Amino acid sequence: MDKRILLPLAILPAFQAENIQAADQLVKRPNIILFMVDDMGWEDTSLPFWKEKTHYNEVYETPNMERLARQGVMFTQAYASSISSPSRCSLITGTNAARHRVTNWTLQKDKTTDRKDSLLAIPDWNYNGVSQVPGTSNTFVGTSFVQLLKNSGYHTIHCGKAHFGAIDTPGEDPHHWGFEVNIAGHAAGGLASYLGEENYGHTKDGKPTSLMSIPGLEKYWGTETFVTEALTQEAIKALDKAKKYNQPFYLYMSHYAIHIPLNKDMRFYEKYKKKGMTDHEAAYATLIEGMDKSLGDLMDWLEKNGEADNTIIIFMSDNGGLASTSEWRDGPLYTQNYPLHSGKGSLCEGGIREPMIVSWPGIAKPNTRCDKYLLIEDFYPTILEMAGVKDYKTVQPIDGISFVPLLTGTDDPSKGRSLFWNMPNNWGNDGPGINFNCAVRNGDWKLIYYYGTGKKELFNISDDIGEKNDLSTRHPEIVKRLSKELGDHLRKVDAQRPSFKATGKECPWPDEV
């Protein structure tokens, strides 16, 4: 294989955006697939991301994640926000959630989604999401990396969940972000139904039964086609078309799986019931395996069409697995992401640490693991660097840092770096690390600060991945240092915080307690 065809243009001197066509004659720019799963926990796979195999690794079956890992790099400390909208808005704008202020999930224009709290008032956050243009209140404006890819010559395809902007705002439509093709993406962050028999949440005469009804898949209505399969088939049709265009493609394969409701994918359900799983857990397992089949189908398409050696695949989840409600998950609460603590909505590891794999033929060493940490906004500069897009201009500051050096083995951008989270909202569920808090990770240490009580928790993540031992009283000097760093960052990016209803005063920053 001639590895020269895989080098991104950023490595080559003297090429500017206007010379892309000429440059393509010298180097074939890589196709890029970002395969994003919704609400997938760190161990919701047969591929162990921990040093030990867990029960979940034994019962779930994800052979194509294993296949991808054999040809790529597993990232064992990849982070996102604890819920969907903040992560996806960080992805598309390259900014930290504390800066873009979309700190809870979005849906309807000019309406918050927060649960009411008796003691704390939620700040006026950006509940309308993000946009590339000004004009909508409570919206963060940023340049999309997809737009930059498109402008540089990429054919851009969106398939599945979007969740960038509220209904009737510019950001709700993936086309707004630079996607030339949009398959089933809209404002909602969930889905009414996975089932073709239920028309994915539409009546027989085509009326949506919910704001979560999935648009644009009418040809599968009334069939037994699970939505994960329908999206995959449509993505492959879009790739067949893209193959004819003689230009590199970017596919954002953004599944609604494995978000609730836990509809059973009957292709796999009986297998998991025979393993002794409950109805809920067996249904959850089928969502995982259906997602994995989709990954395998896309990898098969690449091999069949001669594109495998020139396609980068990035596998990621937008937040941790659901662990805070017995309505959908069985077993003791907050344990469903073992060995991690808590889950979706939480700043504990179970809510923010994600399964991530990157395959970059000829560049990234196959069948390896990377234990350096990174955050979801890092995807923005990374993907642009992979595509050879440089010297680009954005209207927003970019908080993300490219992790290409971790793939090439040339540098460690995580060294000395701190990661930041801010959740001044009341998501809706309760549990460890959930609601009205912020956090910082620096090296082995992680500090969580709770706005309403002033409580601080300190964990050594390398020694205590399950966050069982709060060391804040034993290491006051580390608490003080991290509190200052977190407070300084939140003020620097003009982050928000809740306020006390009784006095109207804002809660203290972490270094003010």
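Residues numbered from 1 in each chain as written. Predicted model: local features only at pLDDT ≥ 70, side-chain atom pairs only at ≥ 80, totals over all residues. Heavy atoms only, no water.

Novice: What am I meant to see in the pattern of salt bridges here?
Specialist: A pair can form between side chains of opposite charge whenever their charged atoms are brought close. Tallied over the full model, the rule gives 33 salt bridges. D318 serves as the salt-bridge partner of K161, at 3.9 Å between the closest nitrogen and oxygen. Taken together, the positions of K161 in the loop between β6 (155–160) and β7 (181–183) and D318 in the loop between β9 (311–317) and α10 (349–352) put the pair 157 residues apart, joining distant regions of the chain. The burial state of K161 is the same as that of D318; both residues are buried. Between R417 and D378 there is a salt bridge, with its nearest N and O atoms 2.7 Å apart. Here R417, found in the loop between α12 (404–408) and β13 (418–423), pairs with D378, found in the loop between β12 (374–375) and α11 (379–386); they are 39 residues apart in sequence, far enough to count as distant. (Salt bridge = Lys/Arg side-chain N within 4 Å of Asp/Glu carboxyl O. Helix = DSSP H or I, 4+ residues; strand = E, 2+ residues; numbered from the N terminus. Buried < 20%, exposed > 50% of the residue type's maximum accessible area, 1.4 Å probe, protein only.)

Novice: Sorry, what's going on with unusual backbone geometry here?
Specialist: Backbone geometry follows two general trends: most residues other than glycine have a negative phi, and most peptide bonds adopt the trans configuration. Cis rather than trans, the peptide bond between A257 and I258 has omega equal to 15°. Along the chain, the position of I258 falls in the loop between β8 (249–254) and α8 (269–273). The peptide bond linking I260 to P261 adopts the cis configuration, its omega dihedral lying at 10°. Structurally, P261 is set in the loop between β8 and α8. Phi is positive for N199, which is not a glycine, with a value near 55°. Mapped onto the fold, N199 is located in the loop between β7 and α7 (227–243). With a phi close to 65°, S342 is a non-glycine residue in the positive phi region.

Novice: What's the story with the confidence of the model for the protein chain in this structure? I'm lost.
Specialist: Low pLDDT marks regions whose predicted coordinates should not be analysed in detail. On average, residues of the protein chain carry a pLDDT of 95, and 95% of them reach 70 or more. Ignoring residues within four places in sequence, the model shows residues 1–26, a span with pLDDT below 50, making 40 contacts including any to other chains. (pLDDT = per-residue confidence, 0-100. Contact = heavy atoms within 4.5 Å.)

Novice: Is there a simple way to think about the packing of aromatic side chains in this case?
Specialist: Ring pairs (aromatic) are described by centroid distance and by the angle formed between their planes. Evaluated as defined, the whole model comprises 18 aromatic pairs. Its guanidinium or amino end placed over the ring of Y269, K264 lies 5.4 Å from that ring's centre, counting from NZ or CZ. Positioned over the ring face of Y284 is R329, at 3.7 Å from the centre of the ring. (Phe/Tyr/Trp six-rings, centres within 6.5 Å; stacked < 30°, edge-to-face > 60°. Lys NZ or Arg CZ within 6 Å of the ring centre and 35° of its normal.)

Novice: Looking at this structure, I do not really get the sheet that holds strand β15 (residues 445–450). What am I missing?
Specialist: Strand order across the open sheet formed by four strands is β13-β14-β15-β16, with antiparallel pairing between neighbours. Only two strands of the sheet have a single neighbouring strand rather than two, namely β13 and β16 (456–460). Sheet twist, expressed as the average angle between the axes of neighbouring strands with direction ignored, equals 10°. Direction of pairing for β15 relative to β16: antiparallel, over a ladder of five bridges. Within β16, the position partnered with Y449 by the bridge is K456. Taken strand by strand, helix α13 (residues 476–492) contacts β13, β14 (437–442), β15 and β16, and its axis lies near 115° from that of β14. (Pairing = 2+ DSSP bridges. Axes fitted to C-alpha atoms, helices over the stretch in contact; angles between N-to-C directions.)

Novice: Looking at this structure, how should I read the nonpolar core?
Specialist: Across soluble globular proteins, you tend to see nonpolar side chains buried next to one another. Grouped together as the largest cluster of nonpolar side chains are 62 residues, with contacts concentrated most on M65, L217, L231, L251, F315 and I357. No other element matches the twelve residues that helix α9 (residues 279–304) contributes to this core. Other than its neighbours up to four places away in sequence, M65 contacts M40, T45, L47, F49, M291, D292, L295, F315, P355 and I357. Core analysis: the second largest hydrophobic core is formed by 47 residues, W177, M356, W360 and L374 among them. (Core = buried A, V, L, I, M, F, W, Y, C linked by side-chain atoms within 4.5 Å.)

Novice: Help me out: how do you make sense of the pairing of strand β2 (residues 73–79) in this one?
Specialist: The side chains of a regular strand alternate, residue by residue, between the two faces of the sheet. Within β2, seven of the seven residues are buried, which leaves it mostly tucked inside the rest of the structure. Sheet analysis places β2 next to strand β10 (residues 353–359), joined by five bridges and oriented antiparallel. By the bridge assignment for β10, M74 is matched with I357. As judged from the three bridges shared by β2 and strand β11 (residues 368–370), these two strands associate in the parallel manner. Paired with F75 across the bridge in β11 is C370. Note that β2 and β12 share two bridges and pair parallel. Residue pairing across strands places A78 opposite L374, the latter belonging to β12.

Novice: Can you walk me through the packing of helix α3 (residues 63–70) against α9 in this structure?
Specialist: A packed helix pair is summarised by two numbers, namely the angle formed by the two axes and the spacing between the axes. Put simply, α3 and α9 touch, their axes get as near as 7 Å, and they point 45° apart. As judged from the angle between their axes, α3 and α9 are oblique. Note on element contacts: α9 touches α3 through M291, D292, K293, L295, G296, M299, D300 and E303, opposite P63, N64, M65, R67 and L68. Class assignment for the residues of the contact of α3 with α9 results in six nonpolar, two polar and five charged. (Parallel < 35°, antiparallel > 145°, perpendicular 65-115°, else oblique. Nonpolar A, V, L, I, M, F, W, Y, C, P; charged D, E, K, R; others polar.)

Novice: Where do I start with the packing of α7 against α9 in this structure?
Specialist: At a minimum axis distance of 10 Å, the contact between α7 and α9 shows a crossing angle of 15°. Relative to α9, α7 is oriented roughly parallel. Crossing of α7 over α9 shows right-handed handedness. Of the residues in α9, those touching α7 at T228, E229, T232, A235, I236, L239, D240 and K243 are G290, M291, K293, S294, D297, L298 and W301. Split by residue class, the contact of α7 with α9 holds six nonpolar, four polar and five charged. (Left-handed = near helix turned anticlockwise from the far one by under 90°.)

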